[in-house]
Amino acid sequence: MTLTIQVDGMGSRSASSPLRPAVEPAFSDLVVVANRLPVKQKGGAERPVLRTIGWETSPGGLVGALAPVLSARTGAWVGWPGCSGPAPGPFDHEGMHLHPVALARSEYEAFYEGFSNATLWPLYHDAIRAPEFRADWWDAYVAVNSRYAERAAAVTAINGSVWVHDYQLQLVPAMLRRLRPDLRIGFFLHIPFPPPELFMHLPWRHEIIEGLLGVDVVGFQEPVAAQNFSRLARRVAGATGAAKHLLHGGRRIEVGAFPISIDVDAVTRIAGNPITTVRAAELRRNLGAPTTLLLGVDRLDYTKGIELRLRAFQELLRDRRLKPGECVMVQIAVPSRGEVSSYAEERERIERLVGEINGEFGQMGRPVVHYLHRSLPFPELVALYRAADVMLVTPLRDGMNLVSKEYVAARTDGAGVLVLSEFAGASRELSSALLVNPHDHEGLKHTIEAAVNLDPLEARKRMRSMRAAVRRHDVHAWAAEFLGALNGH
Ligand code: F6P
């Protein structure tokens, strides 16, 4: 193979522009391609990216799982540095080669906010909000996907492996295969994959399915998502073969469920630290020493069911089935995609409702709902998990939901009750949670009330079984399983 050096550019490219194959001098035999790099700028994302004072590893299980694999194998990561405008050149961080992909402000709006988060995100989450279909957003999606594909093509060693992640990059596999037919290519979707009835609404359904069919292995959170994909691959792209081993374009494609998990040991270490126990007790005191502390921790996203959960809590207080002061709720809403209108509207609704509930049931200096619109350092979050008697995870739709697994992993004391939506992927493994349909308002109220009053022995039994499930399959097992499938292909 001839190797030429290619510098990453930022100008947008139309759907029909040719892809440019190129290989850079520092080749890696395993390359992760994800929307974001696994680092963030120190001192805040608003800082101009070229004048950053340095990078720190982003929190999260995915980075924790892949970083050791990448550093052990001269691995690389291709992704967006988190700030629109020019991107820095490649740099090394904790044993990984990082290759930033630049996004112009207009691309950020059309590719990220538009096609990724106002078209695909709602469509893939049961169309909880109406997806918007716009040709200019699609053009940006194609242009940005081709930039990621070119970058991956340029940095991967001959016969290397590339693992592409998530809905923002579904065209990358086929684009990359055209550029580098020698590579093994895997794709993992972190969010749900919709049933054909919904997916067929997408004007670019054929292109997306063909994009994904560029892989050797495609993984989903749940078996039903894998089945949806195989049905669509047959219907839209004429794939043949078995559902788990499709045949397309003379190649065999493995389709499977690879449910993601968390770094159980990392959570356990923090949970077991005496500082966490002290902090958990302090948090409870600061919250007015309630009999029952209920907790919600979510990105502020309309898929998470935060509003329905708050309404259920409000009505339980109104019905006097829960007592204000005895029961206190903490809701952490991590800021997310705030410039997308559906997210801004959701924030307004939630904050109005929190005000309403506290206006109705709070006392001077003693709100019944403590609401924070910010992210917390992970050790503080683990202390909150330890402080909370009842954890409310009630999304309307969620690919997996790692908060539910973190809560379970943090309860090394064996206590705590998890209320979990049936529509979170995690409900398959955490079937001993109190499962609930969040659309069923009375059912949700009933389940929250049952959680508050659950017999402690029954609660411990359920927690024991959930902890065993989480320990059985952590994020390292998940990564090893997917890479095993990819390399064994
Ligand atoms: O779950 C899908 C996902 O893209 C995650 O990978 C990510 O952590 C989260 O949603 C938030 O996404 P972002 O802030 O990049 O839009």
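So, how was this worked out
- Residue numbers run consecutively from 1 along every chain, following the written order of its sequence.
- Totals for whole chains, interfaces and linings use every residue, but because this is a predicted model, local features are given only for residues with pLDDT of at least 70 and side-chain atom pairs only at 80 or more, for both listing and counting.
- Note: side-chain values were computed over all heavy atoms of the structure, leaving out hydrogens and water.
- Only when DSSP finds a minimum of two bridges between them are two strands counted as paired.
- Segments assigned H or I by DSSP are reported as helices when at least four residues long, segments assigned E as strands when at least two residues long, and all are numbered from the N terminus.
- Axes here refer to lines fitted to C-alpha atoms; in helices the fit is confined to the stretch in contact. Angles between the N-to-C directions go from 0 to 180 degrees.
- Each domain's extent was defined by an automatic or database domain assignment.
- The contact rule is simple, with two residues in contact once any of their heavy atoms fall within 4.5 Å.
- By buried area we mean how much accessible surface two parts lose on assembly, using a 1.4 Å probe and totalling the loss over both.
- The salt bridge criterion pairs a side-chain nitrogen of Lys or Arg with a carboxyl oxygen of Asp or Glu, the two atoms within 4 Å.
- Counting of polar contacts relies on pairs of N or O atoms within 3.5 Å, with two restrictions inside protein: one atom must be capable of donating a hydrogen and the other of accepting it, and residues adjacent in sequence are counted only when both atoms are side-chain atoms.
- Note on residue categories: nonpolar means Ala, Val, Leu, Ile, Met, Phe, Trp, Tyr, Cys or Pro, charged means Asp, Glu, Lys or Arg, and polar means any other residue, Gly included.
- Each residue's exposure class comes from its accessible area (1.4 Å probe, protein chains only) as a fraction of the maximum for that residue type: buried when under 20%, exposed when over 50%, partly exposed otherwise.
- Only buried residues count toward a nonpolar core, which is a set of Ala, Val, Leu, Ile, Met, Phe, Trp, Tyr and Cys residues joined through side-chain atoms within 4.5 Å.

This part takes up the sheet that holds strand β7 (residues 156–165). A sheet is described by the order of its strands in space; here 10 strands give the open sequence β5-β6-β4-β1-β7-β8-β9-β12-β11-β10, paired in mixed fashion. Each edge of the open sheet carries a strand with a single partner, namely β5 (91–93) and β10 (240–242). Geometrically, the sheet is characterised by an average inter-axis angle of 25° between neighbouring strands, direction not taken into account. Pairing between strand β8 (residues 184–188) and strand β9 (residues 217–220): 3 bridges, direction parallel. Considered in β9, the bridge of Phe188 is made with Gly219.

Moving on, we come to the domain arrangement of the protein. Each assigned domain of the protein is listed here: domain 1 (3–261 + 476–487) and domain 2 (264–471). Each of domain 1 and domain 2 was reduced to a C-alpha centroid, and the two centroids are 31 Å apart. Listed by partner, the interface residues are 21 residues for domain 1 and 21 residues for domain 2. Summed over both partners, the interface of domain 1 with domain 2 comes to about 1,900 Å²; 56% of that surface belongs to carbon and sulfur atoms. Counting across the interface, domain 1 meets domain 2 through 4 salt bridges. The residue Glu222 makes a salt bridge to Arg397 at a minimum N-O spacing of 3.8 Å. Linking domain 1 with domain 2 are 7 residue pairs in polar contact (both at pLDDT 80 or more). Looking at the side of domain 1 that touches domain 2 element by element, the count peaks at 7 residues for helix α2 (residues 105–124). For the side of domain 1 that touches domain 2, the residue count by class is 11 nonpolar, 5 polar and 5 charged.

Our next topic: the sheet that holds strand β18 (residues 434–436). Taken in spatial order, the 6 strands make up an open sheet running β15-β14-β13-β16-β17-β18, and their pairing is parallel. Edge strands, defined here as strands with exactly one partner in the open sheet, are β15 (369–372) and β18. Adjacent strand axes in the sheet meet at a mean angle of 20°, parallel and antiparallel pairs treated alike. Alignment of strand β17 (residues 417–421) against β18, held across 3 bridges, turns out to be parallel. Looking at β18, one finds that Val419 is bridged to Leu434.

With that settled, the discussion passes to the side chain of His93. Take His93: it is sitting in strand β5. What makes His93 buried here is its relative accessible area of 11%. Beyond its immediate chain neighbours, meaning those up to four positions away, His93 contacts Val39, Trp55, Glu56, Thr57 and Leu98.

This part takes up the nonpolar core. If you look at the biggest cluster of nonpolar residues, it comprises 69 residues, and the most contacted ones within it are Phe193, Ile208, Ile209 and Phe229. Examining the composition of this core, we find that 12 residues originate from one element, helix α3 (residues 135–155), more than from any other. There are two domains that each give this core at least three residues, and those are domain 1 (3–261 + 476–487) and domain 2 (264–471). Grouped together as the second largest cluster of nonpolar side chains are 64 residues, Val328, Leu381, Tyr385 and Ala479 included.

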